[in-house]
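The chain contents come next:
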Amino acid sequence: MAENGTDCDQRRIGMIKEQHNGNFTDSSLLSERKRKDREERLNIVLWRKPLVTLQYFFLETLINLKEWTIKLWHRRSILVSFLLALAVLTATYYIEGTHQQYVRYMEKKFFWCAYWVGLGILSSVGLGTGLHTFLLYLGPHIASVTLAAYECNSVNFPEPPYPDQIICPDEEATEGSISLWAIISKVRLEACMWGAGTAIGELPPYFMARAARLSGAEPDDEEYQEFEEMLEHAETAQDFASRAKLAVQNLVQKVGFFGILACASIPNPLFDLAGITCGHFLVPFWTFFGATLIGKAVIKMHIQKLFVIITFSKHIVEQMVSLIGAIPSIGPSLQKPFQEYLEAQRIKLHHKPDSGVPQGENWLSWMFEKLVIVMVCYFILSIINSMAQSYAKRLQQKMYSEEKTK
């Protein structure tokens, strides 16, 4: 009997080992298949498969429109309330009266704020890639205001044409009367709105990880899978990048609100990981978003704004131009276009928009304009590629579900 009992135990152990090996094999095969599917999706781009990419992009657009329409129909009471409020605002906008001056003022401020919030969202969420709107839009705007403030000795630029065009006010100001705080105050609204937009753009990773944790599903998202692998191999992490990501995750998880605030208040390329961590550990929404908003729209934005203002202050710019001229051989030829550009900007600041002064074009401004166009075009292409890949992912998931039902 003892021998029979031993034989039964051995057979049971053998069956368990076979089952474990089978599960391990299935898991490895599934991981390999997911990796191949992901590589196949990444090949769906306009410069490799243009017709397939465009077809998938339009199909994904139609599916998204259908889903949004269904969501709006389920929330039709909110939609009706919004339409009624919009009708009241439209009537207020078109009816003549003494209130029109306030309406025009609110319209100008609303579109100005919405413009910068939208650029902030584009910079943060990216729909597959980030459009660096700080370098392309907000940074140059702050730099232009700074250069104009030191040239005009004032920030009271005539409105209009400001902010579309900056010209010096008619009243003469004393030399050196401009202060750093005056420039900061002049660009505070647009800078804070841009920072608020970047905070809004950090919400998708948070909601994705939160939904995955609550539902128990595993989304096919590379950043989320990287986060789960980091949690599994936390003890054996050796390289600097893994330790940095683990430090961010520990800071957010253990410190909470102030940990999120610290991560959001400094230029931090790993902040997406903070959003995923907060969603995974079910950090309350207002704790995450409140800390992110304060960190990005107030603290971090003032740090970046102060850096740009100091960099483009009058004496720093003059020193940089003189240093360019000191470069052996090529220095003078490089210095000349910078001097011409600065002189052209000074001339623009001291003439009226309708005075007929010719507007010369410098190759620096021409290059910057073309750089902006190229980056915006690349951003649009990345959106098309990302949506086409999303549709390919739908097809692959549909294939998985059909195979499971067989």
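Student: Hey, could you run me through the overall build of the protein in this one?
Tutor: If you tally the helices and strands in the protein, you get 16 helices and zero strands. Put simply, the protein has 406 residues, and 32% of those count as buried. Across the protein, the fraction of contacts at a sequence separation of at least 24, relative to all contacts at a separation of at least 6, is 70%. Carbon together with sulfur atoms contributes 65% to the accessible area of the protein, which is approximately 25700 Å² in total.

Student: Is there a simple way to explain the packing of aromatic side chains in this structure?
Tutor: What describes a pair of aromatic rings is the distance from one ring centre to the other and the angle between the planes of the rings. For the coordinates displayed, the defined rule picks out 16 aromatic pairs. Summarising the aromatic geometry, the rings of Trp286 and Phe289 are spaced 6.1 Å apart at their centres and angled 70 degrees between planes, so their arrangement reads as edge-to-face. Here Trp286 pairs with Phe289, and both are found in helix 13 (residues 285–311), just three residues apart, close to one helical turn. Through successive ring pairs, a cluster of aromatic residues spans Tyr206, Phe207, Phe285, Trp286, Phe288 and Phe289.

Student: Quick question: what am I supposed to make of a nonpolar patch on the surface here?
Tutor: Together, Leu72, Leu79, Phe82, Leu83 and Leu86 line one region of the surface with nonpolar side chains, adding up to about 450 Å² of accessible area. No other element matches the four residues that helix 3 (residues 76–94) contributes to the nonpolar patch. Here Leu86 shows up in helix 3.

Student: How should I be thinking about the packing of helix 4 (residues 100–124) against helix 5 (residues 133–152) in this particular structure?
Tutor: Any two packed helices are characterised by how steeply their axes cross, that is the angle between the axes, and by the distance between the axes. It is the contact of helix 4 with helix 5, at a shortest axis distance of 9 Å, that shows an interaxial angle of 145 degrees. Residues Trp112, Tyr115, Trp116, Leu119, Gly120, Leu122 and Ser123 of helix 4 form the contact with helix 5, whose participating residues are Thr133, Tyr137, Leu138 and His141. Considered class by class, the residues forming the contact of helix 4 with helix 5 number seven nonpolar, four polar and no charged.

Student: What should I look at first to understand the pattern of salt bridges in this one?
Tutor: Evaluated as defined, the whole model comprises four salt bridges. A single salt-bridge network, built from bridges that share partners, covers Glu60, Glu67 and Arg394.

Student: How do you make sense of the nonpolar core when you look at a structure like this?
Tutor: Looking at soluble globular proteins, one finds that nonpolar side chains tend to be buried together. Ranked by internal contacts, the top residues of the largest apolar core, which has 25 residues, are Leu138, Val145, Phe157, Ile183 and Trp194. Looking at this core, the element that brings in the most residues is helix 5, giving eight residues. Grouped together as the second largest cluster of nonpolar side chains are 13 residues, Ala199, Tyr206, Cys263 and Ala274 included.

Student: Sorry if this is basic, but what is going on with unusual backbone geometry here?
Tutor: For residues that are not glycine, phi is negative in most cases, and the peptide bond is trans in most cases. Although it is not a glycine, Asn153 sits at a positive phi angle of roughly 60 degrees. Secondary-structure assignment places Asn153 in the loop between helix 5 and helix 6 (180–186).

Student: So what exactly am I meant to see when it comes to the packing of helix 11 (residues 257–264) against helix 13 here?
Tutor: Direction vectors running N to C along helix 11 and helix 13 enclose 35 degrees, while the axes themselves pass 8 Å from each other. Crossing of helix 11 against helix 13: the hand is right-handed. Residues Phe257, Ile260, Leu261 and Ala264 of helix 11 lie in contact with helix 13, whose contacting residues are Thr287, Phe288, Gly290, Ala291, Thr292, Ile294, Gly295, Lys296, Ile299 and Lys300. Residues that form the contact of helix 11 with helix 13 fall into these classes: eight nonpolar, four polar and two charged.

Student: Hey, could you run me through the side chain of Asn385 in this one?
Tutor: In this structure, Asn385 sits in helix 16 (residues 363–405). Setting aside residues no more than four positions away along its own chain, Asn385 makes contact with Ile44, Val45, Leu46, Trp47 and Thr53.

Student: So what exactly am I meant to see when it comes to the environment of His315 here?
Tutor: Its place among the elements puts His315 in helix 14 (residues 314–325). Along the sequence, His315 and Tyr150 sit 165 residues apart, while their C-alpha atoms lie 9.6 Å from each other.

Student: Even after reading the chapter, I still don't get the confidence of the model for the protein, so can you show me in this structure?
Tutor: Interpreting fine coordinate detail is not advised for predicted regions of low pLDDT. Looking at the protein as a whole, its pLDDT mean stands at 76, while 73% of the residues score no less than 70. Across the protein, element-level confidence peaks in helix 7 (residues 188–201) with a mean pLDDT of 90 and bottoms out in helix 9 (residues 222–232) with 57. Within the model, the stretch residues 1–6 combines pLDDT values under 50 with zero contacts to residues more than four positions away or in other chains. For residues 355–360, every residue scores under 50 in pLDDT, and the model assigns this stretch four contacts once sequence neighbours within four places are set aside.

Conventions and cut-offs
Residues numbered from 1 in each chain as written. Predicted model: local features only at pLDDT ≥ 70, side-chain atom pairs only at ≥ 80, totals over all residues. Heavy atoms only, no water. Helix = DSSP H or I, 4+ residues; strand = E, 2+ residues; numbered from the N terminus. Buried < 20%, exposed > 50% of the residue type's maximum accessible area, 1.4 Å probe, protein only. Contact = heavy atoms within 4.5 Å. Areas by Shrake-Rupley, 256 points an atom, 1.4 Å probe, with all protein chains shown as cover. Phe/Tyr/Trp six-rings, centres within 6.5 Å; stacked < 30°, edge-to-face > 60°. Patch = residues over 30% accessible without salt bridge, like charges linked within 9 Å, V, L, I, M, F, W, Y side chains within 5 Å. Salt bridge = Lys/Arg side-chain N within 4 Å of Asp/Glu carboxyl O. Axes fitted to C-alpha atoms, helices over the stretch in contact; angles between N-to-C directions. Nonpolar A, V, L, I, M, F, W, Y, C, P; charged D, E, K, R; others polar. Core = buried A, V, L, I, M, F, W, Y, C linked by side-chain atoms within 4.5 Å. Left-handed = near helix turned anticlockwise from the far one by under 90°. pLDDT = per-residue confidence, 0-100.

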